[in-house]
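Residue-level structure breakdown
Below are the chains, spelled out letter by letter.
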Amino acid sequence: MDACGNPDEDLEKKILVAHQNNDGLKLAELYAEAAYNSPNKNKACFFMVNAYTLALEYKHPKTQSFFQFLKKHDREN
Amino acid sequence: MEKTATLDKVCLPIGKANGLPNEHYTCSSVFQEEKDILLFAKWSGLAVSAEIPNIGDVVPIHFQGIPLFIVRTKENKVKVFQNTCRHRGMILIDTAKSIEGAIRCPYHSWCYSTDGNLISTPHVGGPGRNLHEEIDRSKLGLTEVRSHVWMGVIWINLSGNAPKFEDSMKELMDRWADFDRPLFHGGKESSFTIEIAANWKLAVENYCESYHLPWVHPSLNSYSKLEDHYHIEYKNKFSGQGTKVYQQLKDKDGNVFPDFSNLEAKWDTAAEYIAVYPNVLLGVHRDHAFAIILIPDSPEKTNEHIHLFYSQEDTPEHLRLKNSEQWRLVFDEDVPVVEGMQKGRHAVNFDGGRFSPVMDNPTHCFHYWVANEVQNGRMRKS
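Everything numeric in this text was worked out from a predicted model, so none of it was measured.

1. A few points about the overall build of chain A
The helix and strand inventory of chain A stands at four helices and zero strands. In chain A, the succession of α and β elements from N to C terminus is α-α-α-α. Against the compact-globule benchmark of 11 Å for 77 residues, chain A has a radius of gyration of 12 Å, which places it among compact chains.

Here it is, written out as structure tokens:
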């Protein structure tokens, strides 16, 4: 994760590959990883919104915990 | 005024009546008018519930140009929605698939549950913010279309103001109470589509009557003669024909399909074929049933979607194939006459034709319904 809270190059590459492969479950996990690793609250929530959205679509087992993350930061209710 | 006067003739007693005028089969504006009055305002057939057998299954379907999808919800209910995101109107479902979790719009990823509720609005309040005070998710669910499943068919009322399905169909549901039970779709080989170059109403009219059987279906005539048939008419609801000499399909060893259990004795040899207005043609027999859903494509083109159903989930495949082939042959035999009637409607001075006062009663019953509904619709509009 860089100083601005963006994912490092390796994680970014993994996210792009998962997008290309249309691998929603993997993408949800990678976005969640980016969120958990980001020191910047807004950036973290941005990534977690993506993780939560894909988790909803693909019924990821951690959907509820992603939701709680957003709720804790007043981004979901 | 001329159109109304002509439709008055349709509503005369059968011996004096004319059929519907040509424009009801050939004219785009009348086609549009009938779409609103006869299809949208009534309970129309859309699809069969067997197309979405599992929880989460979705299938996009266009009905008269309206993008819809059918879905089997997490609660195992069949529902019909407009296939349009409440955000920017994007089509939500572009291909038949199984929804694991939520329906996600491919554009900005607004998410809906399978029962139509808007459950997530990613970044709607800015990056990383799923909330905004002006976006009330509880009011932005998918637009549901009234629907009801009966005889394996998903019926819809697009106008939303028809009487309840059970009230609209009461008389037929009572008549066929014996068949109000789970029907098992025969699978892939028990579905087929026939495209006809004809107005949808001609398919209804041909289906209603037995008058044409000796000439168009000579193979049926060998055991199911004209005199073995009877008319079925219920004004403004449905009409059709019945036979008293239905014979079960047999394979070379004499095997037949299992019967529906506990049928009345009359069904040992009876079968009935009823056009449920507007666009569903149903047939019932002791051992199978079928539904033909007519999907009008244009004034002179119609798709007939045919589905066969059985009394049990597992029936012999070779018999199902044979039955499908047999029915396909019968329905294919109807195509030239239905398309021929369509061609005949381009004769400028054709007056809608006359009816046999004895043999064409179910067809006249349908014409009467169309004329009556269209005239009432025109009066409401004016």
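Additional details are given in the paragraphs that follow.
2. Quick word on the domain arrangement of chain B
Residues and elements named next belong to chain B. Partitioning chain B into structural domains gives domain 1 (2-28 + 172-381) and domain 2 (46-150). Taking only C-alpha atoms, the centre of domain 1 and the centre of domain 2 are 34 Å apart. On the side of domain 2, four residues touch domain 1, which itself brings five residues to the contact. Looking at the side of domain 1 that touches domain 2 element by element, the count peaks at three residues for strand E17 (residues 288-298). For the side of domain 1 that touches domain 2, the residue count by class is three nonpolar, two polar and no charged.

3. Section: the interface of chain B and chain A
Taken together, the contact between chain B and chain A spans 15 residues of the former and 14 residues of the latter. Tallied by class, the residues present in the side of chain B that touches chain A amount to six nonpolar, six polar and three charged.

4. Some words on the pairing of strand E9 (residues 144-150) of chain B
All names here are of chain B. Here strand E4 (residues 78-82) runs beside E9; their pairing, made up of two bridges, is antiparallel. Paired with valine 80 across the bridge in E9 is valine 145. Alignment of E9 against strand E10 (residues 153-157), held across five bridges, turns out to be antiparallel. Along E10, the bridge assignment pairs tryptophan 150 with valine 153.

Procedures and definitions
Residues numbered from 1 in each chain as written. Chains lettered and ligands numbered in written order. Predicted model: local features only at pLDDT ≥ 70, side-chain atom pairs only at ≥ 80, totals over all residues. Helix = DSSP H or I, 4+ residues; strand = E, 2+ residues; numbered from the N terminus. Rg over C-alpha atoms; globule rule 2.2 N^0.38 Å. Domains from an automatic or database assignment. Contact = placed C-beta atoms within 7 Å. Nonpolar A, V, L, I, M, F, W, Y, C, P; charged D, E, K, R; others polar. Pairing = 2+ DSSP bridges.

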